[in-house]
Structures are given as C-alpha cells and as structure tokens.
Amino acid sequence: MRRKGPMLVEGPVEVELEDGSVVSSDRFRVALCTCRRRRRYPWCDTSHRDRA
C-alpha cells in the first residue's frame, strides 16, 4: 500500500460498505480507494489525480 494511494487487492473481492450494502468484483486485481475522492467508491477510479 502506498501513502495517499489505492490499496491493491487480489480478487475476487466483496466489500461491505458503511450502510451495510455489499459490492463485489470478480476481477483478478482491484484497487480500493483510500483517499475518499472517488466517483465510484469503493473502487479507485483515479479521481484523486484531479485534486492532487
């Protein structure tokens, strides 16, 4: 994990969100957002680059 960067996780992945809903990805590797500047949370979509 890099400071101020996404967390790379090998999949498939299921993530439980704060509201209790579950999102999943069957990709072999996913990037989870850690900066909360995303458009598609919890998946990192590089939105943080616009504000860095």
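Residues numbered from 1 in each chain as written. Predicted model: local features only at pLDDT ≥ 70, side-chain atom pairs only at ≥ 80, totals over all residues. Heavy atoms only, no water.

### Quick word on the environment of valine 9
Its location among the elements puts valine 9 in strand β1 (residues 7–10). As for valine 9 and alanine 31, which are separated by 22 residues in sequence, their C-alpha atoms are 6.3 Å apart. Here valine 9 is in contact with Phe28, Arg29, Val30 and Leu32, once residues within four sequence places are set aside. (Helix = DSSP H or I, 4+ residues; strand = E, 2+ residues; numbered from the N terminus. Contact = heavy atoms within 4.5 Å.)

### So, the confidence of the model for the protein chain
Summarising the model, the protein chain shows a mean pLDDT of 79, and 71% of its residues fall at 70 or more. Model confidence for the protein chain, summarised as mean pLDDT per element, is weakest for helix α1 (residues 48–51) at 61 and strongest for strand β3 (residues 22–25) at 91. (pLDDT = per-residue confidence, 0-100.)

### Remarks on unusual backbone geometry
Cis geometry is found at the peptide bond from glycine 11 to proline 12, where omega equals 0°. Secondary-structure assignment places proline 12 in the loop between β1 and β2 (13–16).

### A word on the nonpolar core
Residues Val13, Val15, Val30, Leu32 and Trp43 constitute the largest nonpolar core, which totals five residues. Listed by contribution, the elements that provide at least two residues to this core are β2 and β4 (29–32). For valine 15, the residues in contact, after removing those within four places along its chain, are Ser21, Val22, Val23, Leu32, Pro42 and Trp43. (Core = buried A, V, L, I, M, F, W, Y, C linked by side-chain atoms within 4.5 Å. Buried < 20%, exposed > 50% of the residue type's maximum accessible area, 1.4 Å probe, protein only.)

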